[in-house]
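Residues per chain, in single letters:
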Amino acid sequence: MVWIAIGLAMLVAAAMLYVRLAPSDPAVWHVDPLTVTRPQDKAHVLYRPGDGDQPGVVVAAAPDQALAALTEVALQTPRVRVLAESPDRVTFVARSALWGFPDYISVRGVPESDGARLVVFARQRFGRDDLGVNAARVTAWMQALRARSLPNPS
């Protein structure tokens, strides 16, 4: 019985290490939220134009300024770091506290007449359901961004 418990503990430890140490390849995860299709087997958050009542978030700033401000907001969240950046988008990786499960959040800034529209695609790497964690995180980031005083677009 003790050997079974030891074996299970080793299996759990190996799984935990795999999740924490699995590499995050920017070529795979740094995607354009405007071009992704809705995956059927993964929980995700997608805010983009033409997506029903979630057409993206419009802020009164140029796209690069909006992305820079969102990056500041995101990096204030524990266990969040920038995975990759492009001129028009940024991808963050956020890890859960206990197991270190990675979630990937790609954001693109699209010019609008009154500022920029931030289009977001957030998804987890492991599992089928994130229990609403990505939606809550993105919502909190957008609320914090709206509360900031951003420069008017030029």
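Computed from a predicted model, the values in this text were never measured in an experiment.

Undergrad: Can you explain the environment of Gly-100? Please cite residues and give values.
TA: Inspection of the secondary structure assignment puts Gly-100 in the loop between strand 4 (89-95) and strand 5 (102-112). Between the C-alpha atom of Gly-100 and that of Arg-20, which follows or precedes it by 80 residues, the distance is 5.2 Å.

Undergrad: Quick rundown of the side chain of Asp-32? Include the residues and the values.
TA: Its location among the elements puts Asp-32 in the loop between helix 2 (26-29) and strand 1 (44-47). Look at Asp-32 and you get buried, because its relative accessible area is 14%. Among the polar contacts listed, one links the side chain of Asp-32 to the side chain of Arg-108, at a separation of 2.6 Å. In contact with Asp-32, other than residues within four places in its own chain, are Arg-89 and Arg-108.

Undergrad: Tell me about the pairing of strand 6 (residues 115-124), and name the residues and values.
TA: Most of strand 6 is tucked away: 10 of the 10 residues are buried. Judged from the 3 bridges that link them, strand 2 (residues 57-59) and strand 6 form a sheet pairing that is antiparallel. The partner of Val-59 across the bridge, within strand 6, is Ala-116. Sheet topology places strand 5 next to strand 6; 10 bridges connect them, and they run antiparallel. Paired with Arg-108 across the two strands is Val-119, which belongs to strand 6. Where strand 5 hands over to strand 6, the hairpin turn is made up of 2 residues, counted between the paired strands.

Undergrad: For the pattern of salt bridges, give the residues involved together with the corresponding values.
TA: With the rule as written, the count across this model stands at 5 salt bridges. Close ionic contact of Asp-88 with Arg-108 constitutes a salt bridge, the shortest N to O distance being 3.2 Å. With Asp-88 in the loop between strand 3 (80-86) and strand 4 and Arg-108 in strand 5, this residue pair connects regions lying 20 residues apart in the sequence. In this structure Asp-88 comes out as partly exposed when scored by relative accessible area, which is 25%. Shared partners join several salt bridges into a network, and the residues in it are Asp-32, Asp-88, Arg-89 and Arg-108.

The rules behind these values
Note that residues are indexed from 1 along each chain, following the sequence as it is written. It should be noted that, the model being predicted, local features are given only for residues of pLDDT at least 70 and side-chain atom pairs only at 80 or more, the latter also being counted only at that level, while totals for whole chains, interfaces and linings use all residues. Values reported for side chains reflect all heavy atoms of the structure, with hydrogen atoms and water molecules removed beforehand. Going along the chain from the N terminus, every DSSP run of H or I of four or more residues is numbered as a helix, and every run of E of two or more is numbered as a strand. Whether a residue is buried, partly exposed or exposed follows from its accessible area with a 1.4 Å probe, protein chains only, as a fraction of its type maximum: under 20%, in between, or over 50%, in that order. Here a polar contact is recorded for every N or O atom pair within 3.5 Å, except that within protein the pair must consist of a potential hydrogen donor and a potential acceptor, and residues adjacent in sequence are included only if both atoms are side-chain atoms. Whether two residues are in contact is decided by their heavy atoms, any of which lying within 4.5 Å being enough. Whether two strands pair comes down to DSSP finding at least two bridges between them. By salt bridge we mean one thing: a side-chain nitrogen of Lys or Arg within 4 Å of a carboxyl oxygen of Asp or Glu.

These values are about where atoms sit, not about what they do.
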